[in-house]
Amino acid sequence: MNSKLEKRLLAIVFIFAMAMGAGPGLYLINPSEEASPTQMLFAGLPVIYVWGLMWYTVQMAVIIRAYTKHWKSEQDD
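Described below are features of the structure shown in this document. Just so you know, these numbers come straight off a predicted model, no measurement behind them.

### Here we look at a nonpolar patch on the surface
Piece 1. Nonpolar side chains collect at one region of the surface, where Met 60, Ile 63, Ile 64, Tyr 67 and Trp 71 lie side by side and expose about 550 Å² of accessible area between them.
Piece 2. Along the chain, Trp 71 turns up in the segment after helix H3 (47–69).

Below, the structure is given as structure tokens:
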């Protein structure tokens, strides 16, 4: 993959993950007030908490990829 294209894609994915994790993305999964307690949990954790963790994992993956492939100084070569 072209290095410049990958850098742009990583930036777009990171910004998207920021918006979905703690922003408007919460409205997609936020259970209603009338929801049963089982609908508010996923694997024993609150759905909103799992949603945020998932997007933070995406952000961390983007950071690790950018660090290992693109954030090298000329002295590292």
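Now that the structure is up, let's keep going.
### Brief notes about the side chain of Glu 6
Piece 1. Tracing the backbone through its elements, the reader meets Glu 6 in helix H1 (residues 3–22).
Piece 2. Looking at Glu 6, its side chain comes within polar contact range of the side chain of His 70, at 3.4 Å.
Piece 3. Non-local contacts of Glu 6, meaning those with residues more than four positions away in its chain, are made with Met 1, Arg 65 and His 70.

### Some points on the pattern of salt bridges
Piece 1. For the structure on display, the rule yields 1 salt bridge.
Piece 2. The closest approach of N and O atoms between Arg 65 and Glu 6, which form a salt bridge, is 2.5 Å. Here Arg 65, found in helix H3, pairs with Glu 6, found in helix H1; they are 59 residues apart in sequence, far enough to count as distant.
Piece 3. Take Glu 6: its relative accessible area is 11%, and that puts it in the buried class.

### Considerations on the nonpolar core
Across soluble globular proteins, you tend to see nonpolar side chains buried next to one another.
Piece 1. Core analysis: the biggest nonpolar cluster contains 6 residues, these being Ala 17, Met 20, Ile 29, Val 47, Trp 51 and Trp 55.
Piece 2. If you list the elements that add at least two residues to this core, you get H1 and H3.
Piece 3. Counting residues per element, this core draws most heavily on H3, which supplies 3 residues.
Piece 4. When residues no more than four places from it in sequence are discounted, the contact partners of Val 47 are Ile 29, Gln 39, Met 40, Leu 41 and Phe 42.

### Topic: H3
Piece 1. Counted at 1.5 Å a residue, the expected span for H3 with its 23 residues is 33 Å, and the 33 Å between its end C-alpha atoms agrees.
Piece 2. Those residues of H3 that fall on the buried side of the exposure criterion are Val 47, Trp 51, Gly 52, Trp 55, Gln 59, Val 62 and Ala 66.
Piece 3. Turning to H3, the residues buried within the fold contact H1, helix H2 (26–29), strand E1 (41–42) and strand E2 (45–46).

Definitions and limits used
- Residues numbered from 1 in each chain as written.
- Predicted model: local features only at pLDDT ≥ 70, side-chain atom pairs only at ≥ 80, totals over all residues.
- Heavy atoms only, no water.
- Patch = residues over 30% accessible without salt bridge, like charges linked within 9 Å, V, L, I, M, F, W, Y side chains within 5 Å.
- Areas by Shrake-Rupley, 256 points an atom, 1.4 Å probe, with all protein chains shown as cover.
- Salt bridge = Lys/Arg side-chain N within 4 Å of Asp/Glu carboxyl O.
- Helix = DSSP H or I, 4+ residues; strand = E, 2+ residues; numbered from the N terminus.
- Polar contact = N/O pair within 3.5 Å; in protein donor to acceptor, adjacent residues only side chain to side chain.
- Contact = heavy atoms within 4.5 Å.
- Buried < 20%, exposed > 50% of the residue type's maximum accessible area, 1.4 Å probe, protein only.
- Core = buried A, V, L, I, M, F, W, Y, C linked by side-chain atoms within 4.5 Å.
- Expected span 1.5 Å × (residues − 1).

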